[in-house]
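# Notes for the structure review
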Amino acid sequence: MKKNWFVLIRKLGMILFGNLLYALAVTLFIVPNGLLTGGTTGLALFFYRTAGIPVSLFVCLFNVAMFLLGAWVLGKQFAATTVLSTLIYPLLLGLLEGCGLPGIVMQDKLTAVLYAGVLIGAGIGIVMRAGASTGGMDIPALILKKKKNINVSATIYLCDCVILLLQLTGTDIHALLYGILLIAVYTVALDRVLLFGGAKMQVKIISREHEAINRLLAERIDCGTSLLHMETGYLHREEKMVLAVISNRDLPRVNQLILEVDPEAFIIVNRINEVSGRGFTLSKVYR
């Protein structure tokens, strides 16, 4: 029971922190530097600059409307994972606007784009890693996916482009180019955050000393291994290949260990983005 409460509190903390980073990006960099962006925030900025509607108020109303639409079309399970971000993000945005937090105006807009992009990507990534949705413009894309089987990413990028063009009113082409760059930066940052900590190294070892290498990997590296049956292509000789998944920091030790046992060992190393199962997402069991 205590573990379940810890997991719940951890997820809530991640959702809160992720939305805080997103709100800080908007308050500190995007609004003061007149940057363009996509999503709900970009739409809110358009109405803020043309009609004077506060960004936090528009985001709140739009998110609630999209949330209700999503709950109606996509069901209760979707609503449960989205309700927190729907309420927390506009609330934090309003608090930051209301407390008079000074924005950081930079002479070089490119620097502001980089900071804002990193904060937005990190914020959205942390929320997604908590198993939640950021809501907003994601919801129409998910509805179109369900009803018309239209690709979610394509819909989101199309919406972002339309929102950028809307914001182009009263500004110049340079602002549009900065907006495109901002979307690219936070997309890269988002990918990095989603993969952070989950990436591992896959090592395949072909050696006549496979039994010794297999034993030493378990004893010195404390990692699980698999023995794969294989056949060489030229001599058609049956061999066994050792397969192991290790952390990045263990790779030099593994290489050294293998070469000490068999200097002629054939080693293949691949980077993999995510691993799940016993020893990774589940605790190890020793027998």
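Just so it is clear, the structure is predicted and the values come from calculations on it, not from any experiment.

### Some points on the packing of helix H2 (residues 39-51) against helix H3 (residues 55-74)
When two helices pack together, their arrangement is captured by the angle between the axes and the distance separating the axes. At their nearest, the axes of H2 and H3 sit 9 Å apart, and the two run at 130 degrees to each other. Taken as axis vectors, H2 and H3 run oblique relative to one another. Relative to H3, H2 is oriented so that their crossing is right-handed. Between H2 and H3, the contacting residues are Thr40, Leu43, Ala44, Leu45, Phe47 and Tyr48 on the first element and Val55, Phe58, Val59, Phe62 and Asn63 on the second. Residue composition of the contact of H2 with H3, by class: nine nonpolar, two polar and no charged.

### A few points about helix H8 (residues 173-195)
Given a rise of 1.5 Å per residue, 23 residues ought to cover 33 Å, and the 34 Å separating the end C-alpha atoms of H8 matches this to within 8%. For H8, the full list of buried residues reads Ala175, Leu176, Gly179, Leu182, Ile183, Val185, Tyr186, Ala189, Leu190 and Val193.

### Topic: a nonpolar patch on the surface
A cluster of nonpolar side chains, contributed by Trp5, Leu8, Ile9, Leu12 and Leu84, occupies part of the molecular surface with about 480 Å² of accessible area. For the nonpolar patch, the element with the highest residue contribution is helix H1 (residues 2-30), accounting for four residues. Within the fold, isoleucine 9 resides in helix H1. The exposed category is assigned to isoleucine 9, whose relative accessible area is 56%.

Calculation rules
- Residues numbered from 1 in each chain as written.
- Predicted model: local features only at pLDDT ≥ 70, side-chain atom pairs only at ≥ 80, totals over all residues.
- Heavy atoms only, no water.
- Axes fitted to C-alpha atoms, helices over the stretch in contact; angles between N-to-C directions.
- Helix = DSSP H or I, 4+ residues; strand = E, 2+ residues; numbered from the N terminus.
- Parallel < 35°, antiparallel > 145°, perpendicular 65-115°, else oblique.
- Left-handed = near helix turned anticlockwise from the far one by under 90°.
- Contact = heavy atoms within 4.5 Å.
- Nonpolar A, V, L, I, M, F, W, Y, C, P; charged D, E, K, R; others polar.
- Expected span 1.5 Å × (residues − 1).
- Buried < 20%, exposed > 50% of the residue type's maximum accessible area, 1.4 Å probe, protein only.
- Patch = residues over 30% accessible without salt bridge, like charges linked within 9 Å, V, L, I, M, F, W, Y side chains within 5 Å.
- Areas by Shrake-Rupley, 256 points an atom, 1.4 Å probe, with all protein chains shown as cover.
- Salt bridge = Lys/Arg side-chain N within 4 Å of Asp/Glu carboxyl O.

Distances and angles like these do not, on their own, reveal function.
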